[in-house]
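# Architecture and fold: a report
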Amino acid sequence: MKNVFLLRMLFLFACTFLMHYNGQSQTLVGEGLDYANPKKYRLAGITVSGAVYTDVQAIKLFSGLVEGKEIMVPGDQITEAIRKLWKQRLFSDISVNVAEFRGDDVYLVIAVKESPRLDKFSFEGIRKSEADNLREKMDLRTGTVCNQNMKNNAVTVINEYYTEKGFFNCKVNVKEEKSQLMQNGSILIFEIDRGDRVKIEEIVVTGAGGVLVEKRTLPFGKMKMKPAMSEAKVKRMLKNTKEVKWWRFWKQSKYMEKEFGEDQQKIIAKYNKIGFRNAKIISDSVYVINDERIGIRLNIEEDKKFYFRNITFVGNTKYRTSQLDSVLGIQKGDMYNLELLQSRLSYNPAGRDVSSLYTDDGYLSFNAQPVETLVEPDSIDIEVRMYEGKQYRVGRVLVIGNTKTNDHVIYREIRTRPGELFNRSDIIRTQRELAALGYFNPEAFDIQINQRNEEGLVDLTYVVEEKPNDQIQLSGGWGGGQVGSNRGRVVGSLSLSFSNFSMRNFFKKEAWSPLPTGDGQRLSISATSNGVYFQSYNMSFTEPWLGGKKANSLSLSAWHSIQSNGVTKRQDGEIVNGFPLARKDLTISGGAISFGKRLQKPDDYFVLQAGVSFQHYELNDYGVLFKFSNGRSNNLAGNVTLSRNSTSDPIYPKWGSQITFTTKATLPYTFLGSKLFGKEYDFANMTDQQRYDWVEYYKFKITAQWFTPLNKHKERNFVLNSKVGLGFLGTYNPQLGESPFERYYLGGVFLSGFLLDGREIVNLRGYDDLSLTAPSDVRAVNN
């Protein structure tokens, strides 16, 4: 019986071997061979026949046969050579023949028949766009060996492509034709019938909502159960696996095995987050309802809810347990949430954590590992095992990646200094300050940390990537007036804004490439004109580090503008259609200077700015913006701004706040004139020119906004932005009246207009521009 079994096994092995090699001949043939008495020969030469595309030397190398070495003929070495060549999947037939015996030398011929090579391929039954997508995914190239393995891989790619789109019944047939242009070439035609898209008809969740989380007493003494998570809530957490609904047009209903697995992990993570430590999905299944619909069944075991009991610390010598408990902020009886515990230990985006206590004090190697030491019916004891390590100091501080910005501009914003204790918060703050400059791509920021353990030092390398931040805008056209001889004007604007300018290299010819840059100064020049109706010229310059040692800024600005009704000075008095033309215009000229200083107390998020501004107004029958329409006015005022900005990012803040208090005031000219110089004023009979010759007022404004992350533990952050503001404009002398300048206006969106008189617009959608301001404040009063 044993012999019969052995013979059967040998027969099966032989059949399998022959099927693997497509039934082709692998027998060693040649005159003079004696299979019963193998003999050793020196392999004197190898010849390859039948190779067209495959390199002959490569075939010899693949076979493992080496000329000059002894082989047994017939023998296992030849059989192994054939086996190695089959593994290359390049041939449809292989044989090794003896060409000649010369004494103890043997000459062999490796005869191969190469598999067809791919000439081209095409698709039938699908759209051109789908065919183009499949070509990219399949990556089939002319000359590729066209064997069954290649075809199977191509069919697999096609099926996966349509499965991702919900076509589970896709059928692919591969036709192979002989190429007329390519020797031993094949043309593949993929006939595709994708069928109908299979959608999810229903999702059945069992096991959810079966745990009593809390009891609520209803009227008449009845009790109501509140489940941990209802079936509907579980379904909502399946973000990528949705039932088909007529109203859900923004999300396709399709089943993807990988995404379905990710959704299940999110469900369990949510259960763990609300205290269900042992929650698990017992089973999941997909069943066919019909050719176009499938169903999904999830069976969840919630188990019971757990709570924190005792949390102890082991290995802490730097800080007392009471201090660590205070930072951890988890009390006995709180709902068990391992994710929350980990964030309070290692990284808490909403505040301090235990790790920051140590890493801000040089303990770069600090590690805290929470371990469950006791699990009782519904309570868990946690032991936090801490490794404090040793304190590190900052060694070398390097910056790489800046190609335009000078090193000193970056180094002055870096908070980590050589010789100081390593401080993680300083690194985070440095990244924020570098991002606020606007010179670098915030997505490319990186910090490389190299520990030198023996010396107790850590080298820091800040990696930045320059981004374009200068702006040049030029626009123009033809338009303008139809007043008198003024039939057309050039309309245009030019704006130059350089946020990384270098004034000290302004007169160095070699620094202009195309502009002197790299010192972090800001220069802005703009000019706008639409002919005689409006002309405006502005220039500003800011040095953010005056003197180069401290963050003290200096800002200078100047402006000049002219607005008119379109009548030029030459046309003033010209008779058109029997009526004289009259020019009406407003000219505003001014300038400002301010100094800023970054404060250290209460913290270094505070910035104090103080400055002086002057504006001169000339009105010629221009009753559009102010309470008077003729005369001149001067506005000399001092201003002070105190602000604090702790937002996480200048473009898209995720947390932090921004608070600004601004006050601006002129001198009380009438008070000083009457009290110091004994001057008498007839306020009741004053003209506009007398009343507003030197305008006097005082004003203050406070604005605040807070950024609060609503789902900070998720990949996509939703942030609540809360704002509040208050402004007040007052006068020293009620008899003089309120200032016609520097006023607040509420309503509309005010997307157009020229706001050159210091007014502040508070936009409010749904209302017309300035509609919520008292009428007397927005119309000209001309008596």
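Just so it is clear, the structure is predicted and the values come from calculations on it, not from any experiment.

## Describing the pairing of strand 1 (residues 39-49)
Examined bridge by bridge, strand 1 and strand 2 (residues 70-73) share four bridges and lie antiparallel to one another. Bridging across to strand 2, Tyr 41 finds its partner in Ile 71.

## Considering helix 3 (residues 76-87)
Taking 1.5 Å per residue as the helical rise, helix 3 with its twelve residues ought to reach 16 Å, and the 17 Å between its terminal C-alpha atoms agrees with that figure. Regarding helix 3, the residues found buried are Ile 78, Ala 81, Ile 82, Leu 85 and Trp 86. Mapping the buried residues of helix 3 onto a view down its axis gives an arc of 140°, with all of them on the same face. Counted as exposed and oriented over 90 degrees from the buried face of helix 3: Asp 76 and Lys 87.

## Looking at the environment of Thr 517
With respect to the secondary-structure elements, Thr 517 resides in the loop between strand 20 (489-501) and strand 21 (521-529). Placed 13 residues apart in sequence, Thr 517 and Arg 504 show a C-alpha to C-alpha distance of 9.6 Å. Setting aside residues up to four positions removed in sequence, Thr 517 forms contacts with Lys 404, Asn 406, Asp 470, Asn 500, Phe 501 and Ser 502.

## Remarks on a nonpolar patch on the surface
On the surface, Leu 608, Val 640, Leu 642, Ile 659, Phe 661, Ile 702, Trp 706, Val 724 and Leu 726 cluster together into a nonpolar patch covering about 710 Å² of accessible area. With respect to the helices, strands and loops of the structure, Trp 706 is situated in strand 30 (residues 698-709). Its relative accessible area of 38% is what places Trp 706 among the partly exposed residues.

## Notes on the packing of aromatic side chains
Summed over the entire model, instances satisfying the criterion amount to 29 aromatic pairs. Between Tyr 358 and Tyr 363 the ring centres are 5.6 Å apart and the planes differ by 80°, which places this aromatic pair in the edge-to-face class. Residue class for Tyr 363 comes out buried when judged on its relative accessible area of 10%. Taking the ring centre of Phe 121 as reference, the NZ or CZ of Arg 135 above it sits at 5.0 Å. Directly above the aromatic system of Phe 306 lies the positively charged group of Arg 277, at a separation of 5.7 Å from the ring centroid.

## Observations regarding the pattern of salt bridges
Following the criterion strictly, the structure yields 39 salt bridges and no others. Here Arg 127 makes a salt bridge to Glu 130, at a shortest N to O gap of 3.4 Å. Between Glu 383 and Arg 385 there is a salt bridge, with the nearest N and O atoms lying 2.7 Å from each other. A single network of salt bridges, built from pairs that share partners, joins Glu 413, Arg 415, Arg 429, Arg 432, Glu 433, Arg 598 and Asp 604.

## Examining helix 2 (residues 56-63)
Listed as buried for helix 2 are Ala 58, Ile 59, Lys 60 and Ser 63. Of the surrounding elements, those touching the buried residues of helix 2 are strand 1, helix 3, strand 3 (91-102) and strand 4 (105-114). Phi for Gly 64, located one or two positions after helix 2, is positive at around 85°.

## What about a negative patch on the surface?
On the surface, a cluster of negative charge is contributed by Asp 193, Asp 196, Asp 291 and Glu 292. Within the secondary structure, Glu 292 is located in the loop between strand 11 (280-290) and strand 12 (293-301).

What counts and how
Along each chain, residue indices are assigned from 1 in the same order as the chain's sequence is written. Since the coordinates come from a predicted model, pLDDT governs what is reported: local features require at least 70, and pairs of side-chain atoms require 80 or more to be given and counted, while whole-chain, interface and lining totals use all residues. For side-chain calculations, the full set of non-hydrogen atoms in the structure is used, while hydrogens and water are omitted. The pairing criterion for strands is at least two bridges between them, as found by DSSP. What counts as a helix is a DSSP run of H or I of at least four residues, what counts as a strand is a run of E of at least two, and both are numbered from the N terminus. Multiply 1.5 Å by the residue count of a helix minus one, and that product is the helix's expected span. Remark: exposure states derive from per-residue accessible area (1.4 Å probe, protein chains only) relative to the maximum for the residue type, with buried under 20%, exposed over 50%, and partly exposed in between. To be clear, the arc concerns the directions from the helix axis to the C-beta atoms. In what follows, residue pairs with any heavy atoms lying within 4.5 Å of each other are defined as contacts. Exposure above 30% relative accessible area and no salt bridge define the residues that can form patches, which grow by joining like charges within 9 Å and nonpolar side chains of Val, Leu, Ile, Met, Phe, Trp and Tyr within 5 Å. The Shrake-Rupley method, run with a 1.4 Å probe sphere, supplies the accessible areas, and residue values consider only the shown protein chains as cover. By salt bridge we mean one thing: a side-chain nitrogen of Lys or Arg within 4 Å of a carboxyl oxygen of Asp or Glu. In this scheme Phe, Tyr and Trp rings, the latter by its six-membered ring, pair at centre separations within 6.5 Å, and the angle between planes marks the pair as stacked below 30 degrees, edge-to-face above 60, and tilted otherwise. Comment: the charge-over-ring label is applied if NZ (Lys) or CZ (Arg) is within 6 Å of the ring centre and within 35 degrees of the ring normal. Neither His nor the chain ends is counted toward charge; the positive residues are Lys and Arg and the negative residues Asp and Glu. For the purpose of locating charges, the reference atoms are NZ of Lys, CZ of Arg, CG of Asp and CD of Glu.

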